[in-house]
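Descriptive structure summary
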Amino acid sequence: MTEHLKDKRIALLLSGGVDSAVALHELCTQGLHPDCFYIKIGPEEEEEWDCTSEEDMEMATAVAARYGCRLEVVDCHREYWDKVTRYTMEKVRAGLTPNPDVMCNRLIKFGAFDEKAGHDYDLIATGHYAQTEIIDGKKWLTTSPDPVKDQTDFLAQIEDWQLRKALFPIGHYMKDEVRRIAEEQHLVNARRKDSQGICFLGKINYNEYIRRYLGDNPGDVIEQETGKLIGQHRGLWYHTIGQRHGLGFGGGPWFVVRKDIAHNTLYVSKGYEPTLAYKDVFPIHAFHFLTEVVDMHEVTFKIRHTPEFHPATMQQTADGAYTVCSRDKIHGVAPGQFCVVYDKDHHRCFGSAEIAFID
């Protein structure tokens, strides 16, 4: 990797976590000297909404100093709240299940950052568990050898020019190897826990994040099979298809199987993993190809961040619209989720599209 990078200007996004710290170590041990940037995106309005940004900044500062690299703070707070939060709230208000982290990569880490500082650099390096390969002269996003940590699904909406600038120095490692390197190098954050959930929320509950912007909108909860009134929900946006935990109704377990947006009604079904929660055929729209348009007749895909890839065939129905015909029945297929599509060996990531409303 080193030779073709020596004449490149590299920006490294340091988050304060162990992954980006080891990414810096990897670059520096190859004789490269990237400029480091800490992107500020966390909320500022109230102390209880403050995440771990102060600790993140301390960790990033210490790691950058360890390798003699310049560290600059780039404030993308307003861009995050204007773009990613707006995207999230518009989707949940419409009854969809969005993924803010996917859009954060596209709009902030490889988007707003590039506008503010990254345009001066040939490459933007991050601590993502993903790889890139040049195949037939074109750059492709490819999966990490660590199936649990692989993050190509979070990167499948970035633009083609963003992919051309992307560099993933630890993408070829397993997570335990990254931890081992950090401990061997005595990095200050070697044993720091990985962040969970949305990239900045920290200790904030996702439902509290939604309530802050949309409030509550109570409605009926109905048993799908019988039409019986089970109770009240506080807002359809707090629930997603396939959800089992956190419903709070007795006599269960209950599963969310449908949301009637027009009548503000939540439909649930009793029993363990009900058939109603499974789909093997569903539509997706506005497919975003990462590198180029490809034949997607025989593919694999995933609809959430899990190690499992599902084989499928894709039937094109209109410009950017496809029907996914999965070999497996998939639990919890929800409109608004991203269906991320790979080649049949789940190696090259072709791109992704939102799951459309299902009739």
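Refer to the structure printed above.
All values reported here derive from a predicted model rather than from experimental measurement.

The rules behind these values
Residues numbered from 1 in each chain as written. Predicted model: local features only at pLDDT ≥ 70, side-chain atom pairs only at ≥ 80, totals over all residues. Heavy atoms only, no water. Helix = DSSP H or I, 4+ residues; strand = E, 2+ residues; numbered from the N terminus. Rg over C-alpha atoms; globule rule 2.2 N^0.38 Å. Buried < 20%, exposed > 50% of the residue type's maximum accessible area, 1.4 Å probe, protein only. Lys, Arg positive; Asp, Glu negative; His and termini not counted. Charge placed at Lys NZ, Arg CZ, Asp CG, Glu CD. Pairing = 2+ DSSP bridges. Core = buried A, V, L, I, M, F, W, Y, C linked by side-chain atoms within 4.5 Å. Contact = heavy atoms within 4.5 Å.

With that out of the way, let us pick up the overall build of the chain. Broken down by element type, the chain carries eight helices and 17 strands. Rg of the C-alpha trace for the chain: 21 Å, near the compact-globule value of 21 Å for 359 residues, within the 12% margin. Overall, the chain is about 65 × 50 × 35 Å in size when its C-alpha atoms are taken along their principal axes. Looking at the chain as a whole, 55% of its 359 residues qualify as buried. When the 41 basic and 55 acidic side-chain charges of the chain are each reduced to a single mean position, those positions are 2 Å apart.

Another aspect to go through is unusual backbone geometry. Look at asparagine 264: it is not a glycine, yet its phi comes out positive at around 55°. What makes asparagine 264 buried here is its relative accessible area of 14%. A positive phi angle is found at alanine 286, which is not glycine, with a value near 55°. Residue placement: alanine 286 occurs in strand S12 (residues 278-289).

What follows covers the sheet that holds strand S7 (residues 166-167). One open sheet accounts for five strands, arranged S3-S2-S1-S4-S7; its pairing is parallel. Every interior strand has two partners, whereas the edge strands, strand S3 (71-75) and S7, have only one. In this sheet, S3 lies alongside strand S2 (residues 35-40) in parallel orientation, the contact comprising five bridges. Residue pairing across strands places lysine 40 opposite aspartate 75, the latter belonging to S3.

What follows covers the nonpolar core. Formed by 43 residues in total, the largest nonpolar core has its most connected members in Phe37, Tyr80, Ile108, Phe113 and Leu141. It is helix H4 (residues 100-116) that contributes the most residues to this core, seven residues altogether. Discounting chain neighbours no more than four positions away, the residues touching leucine 141 are Ala130, Gln131, Thr152, Leu155, Leu163, Phe168, Leu290, His347, Arg348 and Cys349. Counting residues in hydrophobic clusters, the runner-up holds 30 residues, among them Leu14, Val18, Leu32 and Tyr38.

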